[in-house]
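In case you want the letters, here they are:
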Amino acid sequence: MSMQNNYAFPDPNGRYGQFGGRYVPETLMSALLQLEQDYLRLRADASFQTELAYYLKQYAGRPTPLYFAERLTEYLGGPKIYLKREDLNHTGAHKINNAIGQGLLALRTGKRRIIAETGAGQHGVASATIAARFGLECTVFMGEEDMRRQALNVFRMRMLGAEVVPAMSGTRTLKDATNEAIRHWVSHVDDTHYVIGSVVGPHPYPQIVRDFQRVIGDETKEQILEQEGRLPDTVVACVGGGSNAMGMFFPFVEDTQVQLIGTEAAGHGIHTEHHAASINKGRPGVLHGAKTMLLQDEYGQVTPAHSISAGLDYPGIGPEHAHFAQSGRAVYVPVTDEEALAAFYLLSKLEGIIPALESAHAIAYVVREAQRMQKDDIVVICLSGRGDKDVEQVAQMEGGLANGANS
Amino acid sequence: MERIRDAFAALGSNKALIPFIVAGDPDYDQSFAIARAILASGADMLEIGFPYSDPLADGPVIQAAALRSLNRGCQLPDCFRLVRDLRSETNKPLIAFTYVNPLMQYGATRFFAELAQAGGDGVIVPDVPLEEAPELARVAADQGIAWIPLVAPTSGEERIQAIAQQARGFVYCVSSLGVTGERSSISTQVESLVQAVKRHTSLPACVGFGVSTPDHVREIAGYADGVIVGSAYVRRIGDAASGDGDAVEMVTRFTESLKDACRA
């Protein structure tokens, strides 16, 4: 796969092959061009990188462990399974990596106010956290339906001093929260930095978020070499917008012997209408400022996504993932609600680690495929977040908190 | 494209009134009746919004209209049909307002060809800025459709120049930061935006976003070549759809009052 050598995306137009770009109202273009310029300057600025590294270490708690999941490995009787413990970050997920980076970006560009969209609430919490730490004003847009599903995170954001605005349009989930955040940004573009939470949106956002999340894969590479003396055979991560997956995949892009697997939310199954499998079931289209793979009808109306996990409940995907899928560098496989829920319980019981429902999709893939892997294969799963936020939702599905969780 | 040029030329010292409605809002027949009434009561051109599920550049009023239309099953073929049905009765320019995704799905060549065949004259795509526009603008031109780009208060002289050069038909000047929707006043900055556009093109410069009242129209008519009024129409149509008045009568009266404000 020589085409992967010297991987150089995005190109100067913000494209990843045919995907990406900047499909936004003209009002935002100057801000995006300025952001790109500022970002490229700061990326090369040693004092910015030193400050970023400081907060990642002393505030977020990095590096996160690469943990050998011994009991899961034994149980499956298959490959050696390692978990990249992003759940151990401050605020409980990988989202803080990007929020710290973009919070510093806002500070260095003189913005006193940030806005963010959130699905499961993890990115909203991370943004609210950083806003508190850096003394920034923060407004988070969240779908009304997600506010109901993730009430605890709404409360956390408000405790941290953020304003949470319900997105009432469309399906009232992540897609609509992102629409509202972009609309708000168009009105406040002169004094507000928009902290996009995933590798989505117009250029340069997919690149910025990728760069701030690549610490996941960089650490993983170093840690697996230390523990196993070689690179993994397979790396698995769940994909909604795809920021934890991109952070994990990107440092391995040119290591073509490492298989990259993204797990898409298949909801009730990709043969039904209730899923969020934009790579497997979507077509190229434009969502939130980027050309990417998109769930849509024949006339280009975006169709609602479904997933048990609010963080994967998104009809699009980051444009670089669409590019990876097209070039074959990564493979994207569907995992159903049911499989994810089973993996949620399995990891809790075997390892004493309650994973986020999002991350449970990645675990479920390995549970399903373990039989087809070699015993001495090494598999790394990105455990993108902890499942505390999902406990109440899962309890309700099981008939309420009083009914125990002995399935 | 000629129809747009001729329409501006025929205005003399008056300014163009360009109302906006959403196709299929609240249903096909009513939107046709509303469009006819607007054209018959003094509009110089009509901008027809093609409904979209995720209208990023629109405020709540037009979002709601798109939803009303989509819920009644209005899709692209119905939008082209509305253009065709109106064209059989009017010689005034008809301009499509569409987000890029429906256009891309349908295929740009096919989209512009069908729009032209139906009798459409121009297109406005609010989520395609300068950098993403060249290919689409070329395909539109090949089919005889004017590419009408937007300039914003944030654009800056260099971008304004490039956008003005890309424009056909007229240049759409966005009055203020933000999405579409009624405003209580019009920013004084927009006059300098119009002047900047005029430094770089001889095409007409029209102002939209937030234009809501005859007073706004009168003010803008003092320096621009035309005004686009959207949400103020769409809100009236929405009110009528929920039982509060007759849409045709309301848009007729509203158009007459705006037309009056466009006269020199």
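Residues numbered from 1 in each chain as written. Chains lettered and ligands numbered in written order. Predicted model: local features only at pLDDT ≥ 70, side-chain atom pairs only at ≥ 80, totals over all residues. Heavy atoms only, no water.

Here we look at the nonpolar core
Condition: Only buried Ala, Val, Leu, Ile, Met, Phe, Trp, Tyr and Cys residues count toward a nonpolar core, and they belong to the same one when joined by side-chain atoms within 4.5 Å. For each residue, the accessible area found with a 1.4 Å probe, counting protein chains only, is set against the maximum for its type, and the residue is called buried under 20%, exposed over 50%, and partly exposed in between. A run of H or I in DSSP counts as a helix once it spans at least four residues, and a run of E counts as a strand once it spans at least two, with each numbered from the N terminus. The split of the chain into domains comes from an automatic or database domain assignment. For this analysis, residues touch if any pair of their heavy atoms sits within 4.5 Å.
Core analysis: the biggest nonpolar cluster contains 85 residues, and Ile100(A), Trp185(A), Met45(B), Phe170(B) and Tyr172(B) have the highest contact counts within it. Counting residues per element, this core draws most heavily on helix α1 (residues 26-43) of chain A, at seven residues. Two domains each provide a minimum of three residues to this core, namely domain 1 (15-58 + 95-205) and domain 2 (63-92 + 213-397) of chain A. Setting aside anything within four residues of it in sequence, one finds Met45(B) in contact with Ile4(B), Ala7(B), Phe8(B), Ala16(B), Leu17(B), Ile18(B), Pro19(B), Leu39(B), Pro93(B), Ile95(B) and Phe170(B). The next biggest cluster of nonpolar side chains, apart from the first, holds 77 residues, and it includes Phe80(B), Leu103(B), Val123(B) and Tyr233(B).

What about the packing of aromatic side chains?
Within a pair of aromatic rings, the relevant descriptors are the distance that separates the centres and the angle that separates the planes. Residue and element names in this part refer to chain B. Selection rule: Side-chain rings of Phe, Tyr and Trp, where Trp is taken by its six-membered ring, are said to pair if the distance between their centres is within 6.5 Å; with planes under 30 degrees apart they count as stacked, over 60 as edge-to-face, and otherwise as tilted.
Overall, the coordinates contain 24 aromatic pairs over all chains when judged by the stated rule. Plain terms: the ring middles of Phe 8 and Phe 170 are 5.9 Å apart, the flat faces sit at 65° to each other, and that makes the pair edge-to-face. Of this pair, Phe 8 sits in helix α1 (residues 2-9) while Phe 170 sits in the loop between α8 (156-166) and β7 (171-174), and the two are 162 residues apart along the sequence. Each of the two residues, Phe 8 as well as Phe 170, counts as buried.

Thoughts on the UniProt feature "domain: Tryptophan synthase beta chain-like PALP" (unreviewed entry) in chain A
Rules: UniProt positions are given in the numbering used here, feature names are shortened, and annotations may be inferred rather than shown by experiment.
The UniProt entry lists residues 59-385 of chain A under the feature "domain: Tryptophan synthase beta chain-like PALP" (unreviewed entry), expressed in the numbering used here. The distance separating the terminal C-alpha atoms of residues 59-385 of chain A is 17 Å; by composition the span is 41% helix and 21% strand.

Structural notes on the sheet that holds strand β14 (residues 378-383) of chain A
Residues and elements named next belong to chain A. Convention followed: For two strands to be treated as a pair, DSSP must find no fewer than two bridges joining them. Axes, fitted as lines to C-alpha atoms, cover a helix only where it is in contact. Angles between the N-to-C directions of the axes lie from 0 to 180 degrees.
Pairing in this open sheet of six strands is mixed, and the strands run β3-β4-β14-β9-β10-β13 from one edge to the other. Either end of the sheet is taken by a strand with one partner, and the two such strands are β3 (66-68) and β13 (330-336). Along the sheet, successive strands turn relative to each other by an average axial angle of 30°, direction set aside. Judged from the three bridges that link them, strand β9 (residues 234-239) and β14 form a sheet pairing that is parallel. Following the sheet pairing, Thr 234 is matched in β14 by Val 379.

Considerations on the layout of surface pockets
Going by this rule: For cavity detection a 1 Å grid was placed over the protein atoms alone, and a set of points counts as a cavity when a 1.4 Å probe fits there but cannot get out; an open set counts as a pocket when protein lies on both sides within 12 Å along at least five of seven lines, with lining residues being those that have an atom within 4 Å of a point. Grid points are joined across faces, edges and corners, and a volume is the space filled by probe spheres set on the points. Residues are grouped as follows: Ala, Val, Leu, Ile, Met, Phe, Trp, Tyr, Cys and Pro are nonpolar; Asp, Glu, Lys and Arg are charged; all remaining types, including Gly, are polar.
The space that makes up the largest pocket amounts to roughly 480 Å³. If you trace the largest pocket, you find 26 residues lining it, with Gly170(A), Lys175(A), Ser53(B), Leu67(B) and Leu70(B) closest to the centre. Those elements that place two or more of their residues in the lining of the largest pocket are α8 (174-187) of chain A together with α3 (60-71) of chain B. Examining the composition of the lining of the largest pocket, we find that seven residues originate from one element, α3(B), more than from any other. Split into classes, the residues belonging to the lining of the largest pocket amount to 10 nonpolar, 10 polar and six charged. Each of domain 1 (15-58 + 95-205) and domain 2 (63-92 + 213-397) of chain A contributes no fewer than three residues to the lining of the largest pocket.

Digging into the UniProt feature "active site" (unreviewed entry) in chain B
The feature "active site" (unreviewed entry), as annotated in UniProt, sits at Glu47(B) and Asp58(B) in this numbering. The subset of these annotated residues that lines the second largest cavity comprises Glu47(B) and Asp58(B). Within the secondary structure layout, Glu47(B) lies in strand β2 (residues 46-49). Note on Glu47(B): relative accessible area 1%, which makes it buried. In this structure, Asp58(B) sits in the loop between β2 and α3. When near neighbours in sequence (up to four residues on either side) are disregarded, Asp58(B) contacts Arg183(A), Gln63(B), Phe97(B), Tyr99(B), Val179(B) and Thr180(B).

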